[in-house]
Amino acid sequence: MKNSPTRRLLLGTVGVAALALPLASCSVGSIGGGDGGNADGLEISVLIASSGEGAETIQAMGEAFTAANPDITVTVETQPGGGEGDNLMKTKLSTGEMNTIFGYNSGSQLQGLKPDENLVDLSDQPWVADLTEDMKTVVSGENGLYGTPLGASFGGAVLYNKAIYEELGLEVPQDWASFAANNEAIKEAGYDAVIQSYGDPWTSQLWVLGDFANVAAQDPEWATEYTANNRSYTEQPALQGLLNQQEAAESEWFNEDYASVLYDDALAKLANGEGAHYPILTNAISAIAQNTPDKVEDIGVFALPAQNAEDTRLSIWLPNALYIPTSTEGEELEAAKKFLEFVNSPEGCEIQNEYLTPGGPYATSACTLPDDAPPMIADMQAYVDGGLSAPALEFLSPIKGPALEQLTVEVGSGITTAEKAAAEYDADVVKQAKQLGIDGW
């Protein structure tokens, strides 16, 4: 699991910390679905990334769908990710040569596909009512809703050791002051209050990335205004994430070996009770389940606390989605819609539970997590059900500079201040925004 979140952070749409890879790029081959083809029926093809768990999941979906619909054969075509392939996929869309259905990112990168022009509006489909509001937001354009989620969401939050909390009689903090008080008590008891793993620099960014839902709670238009160059990290509320990281470092809450510890080692520290808190992506629970399965019950999660409890929200990374291009028409279109409905059916959800590793709650009420899902996911579900979550910034804005992980390592190491890092980061994103051709930059 070490490579998966890192790669998502490094290669996604908004730079170093984007967490959703393109699901389609340059073609490499096909996997037969169903019985391998039905000359008397209809064949539809699904384009999906060859990496990760998606291809195997769609293959199983296709076989089950064809078993239930013998007149429709599903063929799965796999393609690797990457920028070059992403451009080739856009070419397929623009030339009308896209597969019947394809998988791709949700969020800001979806807008690069011009969904209102190139994708079939699915807003009238019955399963749309089951989607969370966050999911609806990140698969929509100005004129419609275009995708159905594949897999579960995950969050950017604080994983914590419940055994330490129970031993010290601590409660989950709702605001920053309570979090700080917990950290002092934990440090006094001889544990590392906050685990950091700057040996893998991408992990240092969670102080900023995981704080975005708190920013949006205070300024709902922040992402839109940031994209238009009307918001800045040198100003509140966005500056606070860096200020909090600086306070954590100056308060000596971190493990002494924070500069060299790697991601997997940090998870081991948390699971084994050497430290109490680790701000990280919640899909880390799968690595804990793999490496220390007897400790999964000891891990809980809470949102990075805002300064005021009423602003505390959970930042959510929504799953990728399946889309239908406008080149899919007639009987093929009806079959494609039927397949997406199957994805959201009890049988489709069961297949997702079997093949996909959950790192958070589903983005649709049509699917429920398996009984053996890690207990910490219930903690996340409470935020979602309570309307106390919001998409991470990368789902709402394409702008993210490559220097964030370097700057957050420097803040967390006491090399620079939050204010200086914010100013450098504001300068860092200008080049990217201009490359993207965004108005206002």
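Residues numbered from 1 in each chain as written. Predicted model: local features only at pLDDT ≥ 70, side-chain atom pairs only at ≥ 80, totals over all residues. Heavy atoms only, no water.

Per an unreviewed UniProt entry, the chain goes by the name ABC transporter substrate-binding protein and belongs to Microbacterium nanhaiense.

Enquirer: How should the state of the cysteines be read in this particular structure?
Expert: Two cysteines, two sulfur atoms, one covalent bond between them: this is a disulfide. Under the definition given, this model contains 1 disulfide. Each sulfur of the disulfide joining cysteine 349 and cysteine 367 lies 2.0 Å from the other. For the disulfide bridge between cysteine 349 and cysteine 367, the dihedral angle about the S-S bond is near -70°, and by the sign convention the bridge is left-handed. A residue pair is termed long-range when its members are at least 10 positions apart, and cysteine 349 in helix α15 (residues 346-355) and cysteine 367 in the loop between α15 and α16 (376-385) qualify at 18 residues. (Disulfide = S-S within 2.5 Å. Helix = DSSP H or I, 4+ residues; strand = E, 2+ residues; numbered from the N terminus.)

Enquirer: So what exactly am I meant to see when it comes to the nonpolar core here?
Expert: Nonpolar side chains tend to gather and get buried jointly when the protein is soluble and globular. In terms of nonpolar packing, the biggest core is built from 126 residues, with Ile101, Phe102, Leu159, Tyr233, Tyr323 and Phe339 touching the most fellow members. Broken down by element, this core gets its largest block of residues, 7 residues, from helix α14 (residues 330-343). Other than its neighbours up to four places away in sequence, phenylalanine 339 contacts Ile44, Val46, Met61, Gly62, Phe65, Val74 and Ile101. (Core = buried A, V, L, I, M, F, W, Y, C linked by side-chain atoms within 4.5 Å. Buried < 20%, exposed > 50% of the residue type's maximum accessible area, 1.4 Å probe, protein only. Contact = heavy atoms within 4.5 Å.)

Enquirer: Can you help me understand a negative patch on the surface in this one?
Expert: Together, Glu53, Glu56, Glu347, Glu350 and Glu354 make up a region of like negative charge exposed at the surface. When residues in the negative patch are grouped by element, the largest group, 3 residues, is from α15. (Patch = residues over 30% accessible without salt bridge, like charges linked within 9 Å, V, L, I, M, F, W, Y side chains within 5 Å. Areas by Shrake-Rupley, 256 points an atom, 1.4 Å probe, with all protein chains shown as cover. Salt bridge = Lys/Arg side-chain N within 4 Å of Asp/Glu carboxyl O. Lys, Arg positive; Asp, Glu negative; His and termini not counted. Charge placed at Lys NZ, Arg CZ, Asp CG, Glu CD.)

Enquirer: Which parts of the structure should I look at to understand the packing of aromatic side chains?
Expert: The description of an aromatic ring pair rests on the distance of the ring centres and on the angle between the ring planes. Tallied over the full model, the rule gives 21 aromatic pairs. For the ring pair tryptophan 202 and tyrosine 263, a centre distance of 5.3 Å and an interplane angle of 45° mean the geometry is tilted. Placement of the pair is tryptophan 202 in the loop between β7 (192-194) and α8 (206-209) and tyrosine 263 in helix α12 (residues 263-271), with a sequence separation of 61 residues. Overall, tryptophan 202 belongs to the buried group, its relative accessible area being 2%. Looking at tyrosine 263, the relative accessible area reads 0%, which means it is buried. Between tryptophan 222 and tyrosine 233, the aromatic rings sit 5.3 Å apart at their centres with planes inclined by 75°, giving edge-to-face as the arrangement. Of the two residues, tryptophan 222 is situated in helix α10 (residues 222-227) and tyrosine 233 in the loop between α10 and α11 (240-250); the sequence distance between them amounts to 11 residues. There is no split in this pair, since tryptophan 222 and tyrosine 233 are both buried. Linked through ring pairs, Tyr160, Tyr165, Trp176, Phe179, Tyr198, Trp207, Trp253, Phe254, Tyr258 and Phe302 together constitute an aromatic cluster. (Phe/Tyr/Trp six-rings, centres within 6.5 Å; stacked < 30°, edge-to-face > 60°.)

Enquirer: Explain the confidence of the model for the chain to me, please; I cannot follow it from the model alone.
Expert: For any part of a model where pLDDT is low, the fine detail of the predicted coordinates should not be relied upon. Looking at the chain, pLDDT values average 89 and 89% of them are 70 or higher. Counted against residues more than four places away or in other chains, residues 1-38, with its pLDDT under 50, gives 142 contacts. (pLDDT = per-residue confidence, 0-100.)

Enquirer: Any chance you could explain the side chain of asparagine 344 here in plain terms?
Expert: By the element assignment, asparagine 344 lies in the loop between α14 and α15. For asparagine 344, the side chain forms a polar contact with the main-chain oxygen of leucine 340, separated by 2.9 Å. Once residues within four sequence positions are removed from consideration, asparagine 344 is found in contact with Trp127, Thr148, Cys349, Thr364 and Ala366. (Polar contact = N/O pair within 3.5 Å; in protein donor to acceptor, adjacent residues only side chain to side chain.)

Enquirer: It is not clear to me how the pattern of salt bridges should be interpreted in this structure. Could you clarify?
Expert: One side chain can pair with another of opposite charge once the charged atoms of both are near each other. As enumerated under the stated definition, the model contains 5 salt bridges in all. Salt-bridge contacts for lysine 187 lead to glutamate 184; the nearest nitrogen and oxygen are separated by 3.7 Å. Here glutamate 184 and lysine 187 lie together in helix α7 (residues 176-188), a separation of 3 residues that amounts to about one turn. What makes glutamate 184 partly exposed here is its relative accessible area of 36%.

Enquirer: Got a minute to help me understand helix α18 (residues 418-435) in this structure?
Expert: An α-helical turn contains 3.6 residues, so a residue and the one three or four places further along point in the same direction. The end-to-end C-alpha separation of α18 is 26 Å, in line with the 26 Å expected for 18 residues at 1.5 Å each. Along α18, the positions that sit buried rather than exposed are Ala418, Ala421, Ala422, Tyr425, Asp426, Asp428, Val429, Gln432 and Ala433. Summarising the contacts, the buried residues of α18 are in contact with α10, α11 and α17 (404-412). Note on α18: the residue one or two positions beyond its end, glycine 437, has a positive phi of about 70°. (Expected span 1.5 Å × (residues − 1).)

Enquirer: Would you mind going over α11 with me for this structure?
Expert: Turning to α11, its buried residues are Gln240, Gly241, Leu242, Asn244, Gln245, Gln246 and Ala248. On its buried face, α11 is in contact with α7, α8, α17 and α18. Directly beyond the C-terminal end of α11, a positive phi value near 60° is found at glutamate 252.

Enquirer: Please explain the packing of helix α2 (residues 54-68) against α14 as it appears in this structure.
Expert: How two helices pack is summed up by the angle between their axes together with the distance between the axes. At a minimum axis separation of 11 Å, α2 and α14 run at an interaxial angle of 110°. Here α2 lies roughly perpendicular to α14, going by the angle between them. Note on packing geometry: the crossing formed by α2 with α14 is right-handed. Along the contact surface, α2 presents Met61, Gly62, Ala64 and Phe65, while α14 presents Ala335, Lys338, Phe339, Phe342 and Val343. (Axes fitted to C-alpha atoms, helices over the stretch in contact; angles between N-to-C directions. Parallel < 35°, antiparallel > 145°, perpendicular 65-115°, else oblique. Left-handed = near helix turned anticlockwise from the far one by under 90°.)

Enquirer: Looking at this structure, I do not really get the environment of glutamate 252. What am I missing?
Expert: The residue glutamate 252 is located in the loop between α11 and α12 in this model. Taking the C-alpha atoms as reference points, glutamate 252 and aspartate 192, separated by 60 residues in sequence, lie 9.2 Å from one another.

Enquirer: Help me understand the environment of glutamine 218, please; the structure alone is not making it clear to me.
Expert: Tracing the backbone shows glutamine 218 in helix α9 (residues 212-218). The spatial distance from the C-alpha of glutamine 218 to the C-alpha of alanine 306 is 9.8 Å, given a sequence separation of 88 residues. Once you skip the residues sitting within four places of it in the chain, glutamine 218 turns out to touch Pro237 and Asp311. Within the structure, glutamine 218 has its side chain in polar contact with the backbone oxygen of asparagine 214 (distance 3.0 Å).

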